[in-house]
Amino acid sequence: MAVVYKKSKMLTDTPFHYCPGCTHGIAHKLVAEVLEEMGAEGNVVGVAPVGCAVFAYKYFNCDMQEAAHGRAPAVATGIKRVLPDKFVFAYQGDGDLASIGMAEIVHAATRGEKITVIFINNAIYGMTGGQMAPTTLEGQKATTCIYGRNPEVNGHPIKMCELLATLTGPSYIARGALTDPANVRKAKKMIKTAFEHQAQKKGFSFVELLSSCPTNWGMTTEQALEYVKTDMQKLYPLGVFKEV
Amino acid sequence: MKELMKGNEAIAEAAVRGGCRAFFGYPITPQNEIPEYMSWRLFEVGGTYVQAESEVAAINMVYGAAGAGARAMTSSSSPGISLKQEGISYICCSRLPCVIVNMVRGGPGLGGIQPAQSDYFQATKGGGHGDYHMLVYGPASVQECVNIMYDAFDKADKYRVPVMILGDGMLGQIMEPVELPEFKDLSKLPRKNWATYGDGTGEKRNIINSLLIEPDELEAHNKLLADTYAEMARNETMCEEYLCDDAEIVLTAYGTVARIAKSAVNILREQGKKVGLLRPITLYPFPNDAFRKVAEQDCVKEFVCTELSMGQMIEDVKLATGMLKPVHFYGRCGGNVMTPEDLVEFVLKEGK
Ligand SMILES: Cc1ncc(C[n+]2csc(CCOP(=O)(O)OP(=O)(O)O)c2C)c(N)n1
Ligand code: SF4
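All of these numbers come straight from a predicted model, not from anything done at the bench. Counting from 1, residues in each chain are numbered in the order their sequence is written. Chain A is the first chain written and ligand 1 is the first ligand written, with later ones labelled in order. Note on the predicted model: pLDDT of at least 70 is required for a residue's local features to be given, and 80 or more for side-chain atom pairs to be given and counted; whole-chain, interface and lining totals, by contrast, use all residues. Side-chain measures here rest on the full set of heavy atoms in the structure, leaving out hydrogens and waters.

Draft legend 1. Summary view of the overall build of chain B. Counting secondary structure elements, chain B contains 12 helices and 15 strands. Oriented by its inertia axes, the alpha-carbon framework of chain B measures out at about 70 × 50 × 40 Å. A contact between two residues is defined here by any heavy atoms of the two lying within 4.5 Å. When contacts within chain B are restricted to residue pairs at least 6 apart in sequence, long-range pairs at least 24 apart make up 79% of them. Treating the 35 positive side-chain charges of chain B as one cloud and the 46 negative ones as another, the clouds have centres 2 Å apart. Put simply, DSSP H or I for four residues or longer makes a helix, DSSP E for two residues or longer makes a strand, and each gets a number counted from the N terminus. The sign given to each residue is positive for Lys and Arg and negative for Asp and Glu; His and the chain ends receive no count. Here the site of a charge means NZ on Lys, CZ on Arg, CG on Asp, or CD on Glu.

The following block contains the structure:
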């Protein structure tokens, strides 16, 4: 019988711990498939974040380092500088990357570190139970802004792709969404381009993936994906922000 | 052949010769000569250097590079070392060998930029969160800095711990003649079977991690760390005893202060006073046995602990001597440094 689909070799057999309907799993799968397609097996070091993806080191079938909250780009910098010919990627959530780790991501980007960062923007702190994230939308409810994010009190959401695209160091900056098969396919292409940039040592590469957190958004899977397609994409438009 | 070198530069060169191939720093006085030196020197030997965006980033770069198997280090001074504490805690839990140099300046807060020893607690008792220690040295001369730095990566690798060299502004800035050792042959070093070289897959992949979510797992890990520190104490403890055999008063000091104390001992000996010096070279593990032995000598009447702080090492001196004899304290701080005469005067006043 012909095999039409199988799990990527770049994923281990450990079952994901993610909630039903969570898009972290899709993001993992895409990264793993791209690495496999590029023949990177046995040539990769990944860096896991602090956040719901903290156990990413159990799932990616490659050497992994678990970083402190927000520090993944610095850890990845240290790895890549001593292993310049390996693929090095960091996988981070929005609290990790755009709040506590803002300095690390901006400076890894501006130095043009030849690493790839996968940024899961689900507009919430998932792991700690639904607090406001730097990317939480105006009006979006979280446990630390129960009436919805009020810019007067909580400030405004951060657009990471737009921000990083102003820098010289990055060679590829793109935003995709994990909402439906068409977008998932596009997101995979972005991830592939990002790793190709790394392989060619072009510069820092970054893919933001708009993601859902049905658990902490208090929505069904369908509602959550609809929220990404409508409200989130309005604030965070999809596309390639920089490619050199 | 001996060369005249500034402490900071001598440490940097000794690090390179001892195998350092990755340095991650951030400017802060009084250690700037170390990153400045490394910023060009490492590229001459096929290494790498990054001026990080902060000390927080620098220590996490060390984490990444050390985790990937390289001999990686960072240096800073007190406020910067405070920022590194999070990373040091993760490094200790993940058991990553590396070297951290702290050229201590006065604190708390932004403090001053003059020499101090006020980071002793931070260096020896933990500093960051959790149950951990580093192998901490308090060298007293530029040559001793070189010797300790040269072997620091071997020690770090052996125990899978960070080594901290606790210096001070004086040690960093002073110029002294030093003998530099030959380059270590890095090709002879064994592969680190735990490191993420990038070639791991399946059963063979390595994970650098400090998350141990199961209580039993974490407790077992805490015990493993404690065993490591106990073994380190058995093998690595270093202490200099100077004229203690017949001493009635024993001065205790580490680092540059120990040199001032040694001068005071010499002056007092010339005056016929029976004074000695006990100088810990490893601050963690503390040389407990040497202190206990001297404290048990009948001739010894009292100790005088002298530090550039309000009194930090004195706690270890009291513990190590079991308080068998009184322990007096003479400290200067804020960047002020005692003279040998200050110590002579204090000893003559306190000594019965
Ligand atoms: C220094 C530090 N501060 C806070 C935390 C607690 N913490 C764990 S995960 C997390 C937020 C994660 O949110 P995000 O990065 O958006 O990832 P998600 O869980 O949504 O995937 C926080 C604040 C921590 N582990 N370390
Ligand atoms: S809490 Fe949210 S982000 Fe975390 S696993 Fe569940 S759905 Fe995913």
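Draft legend 2. Examining the sheet that holds strand β7 (residues 162-168) of chain B more closely. All names here are of chain B. If you trace the seven strands from one edge of the open sheet to the other, you get β3-β2-β4-β5-β7-β6-β13, paired in mixed fashion. The open sheet terminates on both sides in strands that have one partner only, identified here as β3 (48-51) and β13 (282-284). Taken pair by pair, the neighbouring strands of this sheet meet at an average axis angle of 20 degrees, ignoring direction. Lines fitted to the C-alpha atoms define the axes, with helices restricted to the stretch that makes contact. Angles between their N-to-C directions range from 0 to 180 degrees. Its contacts with the sheet place helix α3 (residues 55-67) against β2 (22-25), β3, β4 (72-76) and β5 (98-104), and it is angled at close to 165 degrees to β4. Note: two strands are recorded as paired if DSSP finds a minimum of 2 bridges between them.

Draft legend 3. Local environment of the nonpolar core. The biggest cluster of nonpolar side chains holds 121 residues, and the ones touching the most others in it are Phe206 of chain A together with Met38, Met73 and Met149 of chain B. Ranked by the residues each element gives to this core, the list is headed by helix α6 (residues 142-159) of chain B, at nine residues. Domain start and stop positions are those given by an automatic or database domain assignment. When residues of this core are assigned to domains, at least three fall in each of domain 1 (2-235) and domain 2 (240-350) of chain B. Counting 38 residues, the second largest nonpolar core, distinct from the first, contains Ala40, Val44, Phe55 and Val207 of chain A. Buried Ala, Val, Leu, Ile, Met, Phe, Trp, Tyr and Cys residues form a nonpolar core when they are joined through side-chain atoms within 4.5 Å. Relative accessibility decides the category of a residue: with a 1.4 Å probe and only protein chains considered, values under 20% of the type maximum give buried, values over 50% give exposed, and everything between is partly exposed.

Draft legend 4. Up close: the packing of helix α1 (residues 7-17) of chain B against helix α2 (residues 33-44) of chain B. All names here are of chain B. The contact between α1 and α2 brings their axes to 8 Å, and the two run at 40 degrees. Viewed along their axes, α1 and α2 form a crossing whose handedness is right-handed. Here Asn8, Glu9, Ile11, Ala12, Glu13, Ala15 and Val16 of α1 come into contact with α2, specifically with Glu33, Ile34, Tyr37, Met38, Arg41 and Leu42. Residues are grouped as follows: Ala, Val, Leu, Ile, Met, Phe, Trp, Tyr, Cys and Pro are nonpolar; Asp, Glu, Lys and Arg are charged; all remaining types, including Gly, are polar. Taken together, the residues of the contact of α1 with α2 break down into eight nonpolar, one polar and four charged. Each crossing gets its handedness from the near helix: less than a right angle anticlockwise from the far helix is left-handed, clockwise is right-handed.

Draft legend 5. Just the interface of chain A and chain B, in detail. On the side of chain B, 33 residues touch chain A, which itself brings 33 residues to the contact. It is Asp63, Gln65 and Arg81 of chain A in chain A that bury the most area against chain B; as a group they hold 21% of the surface buried on that side. Should a side-chain nitrogen of Lys or Arg be within 4 Å of a carboxyl oxygen of Asp or Glu, the pair is scored as a salt bridge. For the salt bridge of glutamate 53 of chain B with arginine 111 of chain A, the shortest nitrogen-to-oxygen distance reads 2.8 Å. Polar contacts, as counted here, are pairs of nitrogen or oxygen atoms within 3.5 Å of one another; within protein the pair requires one atom able to donate a hydrogen and one able to accept it, and residues that are adjacent in sequence qualify only if both atoms are side-chain atoms. On the surface where chain A and chain B come into contact, there are 22 residue pairs in polar contact (both at pLDDT 80 or more). If you list the elements that add at least two residues to the side of chain A that touches chain B, you get β1 (44-48), α2 (56-59), β2 (63-66), α3 (72-82) and α5 (102-110) of chain A. In terms of residues, the side of chain A that touches chain B owes the most to one element, α3 of chain A, which gives seven residues. The class makeup of the residues in the side of chain A that touches chain B is 16 nonpolar, eight polar and nine charged. Note: β2 of chain A against strand β9 (residues 207-208) of chain B, two bridges, orientation parallel. If you follow methionine 64 of chain A over to β9 of chain B, its bridge partner there is isoleucine 207 of chain B. Here the quantity called buried area is the accessible surface, traced with a 1.4 Å probe, that two parts lose on coming together, added over both.

Draft legend 6. Spatial organisation of the site of ligand 2. Residue and element names in this part refer to chain A. Think of it this way: one heavy atom of a residue within 4 Å of a molecule or strand is enough to make that residue near it. Neighbouring residues of ligand 2: Tyr18, Cys19, Cys22, His24, Cys52, Asn122, Gly126, Cys213, Pro214, Thr215 and Asn216. Among the elements that make up the shell around ligand 2, the one with the highest residue count is helix α9 (residues 214-217) (three residues). Grouping the amino acids of the shell around ligand 2 by side-chain chemistry returns six nonpolar, five polar and no charged.

Draft legend 7. Here's a closer look at unusual backbone geometry. Threonine 29 of chain B connects to proline 30 of chain B through a cis peptide bond whose omega is 5 degrees. Its place among the elements puts proline 30 of chain B in the loop between β2 and α2. Residue proline 285 of chain B follows tyrosine 284 of chain B across a cis peptide bond; omega there is -5 degrees. Positionally, proline 285 of chain B belongs in the loop between β13 and α10 (288-296). Residues other than glycine seldom take positive phi values, yet lysine 201 of chain A does so here, at roughly 55 degrees. Mapped onto the fold, lysine 201 of chain A is located in the loop between α8 (181-199) and β8 (204-210). Residue classification places lysine 201 of chain A among the partly exposed positions, given a relative accessible area of 39%. At arginine 95 of chain B, a residue that is not glycine, the phi angle is positive and equals roughly 60 degrees.

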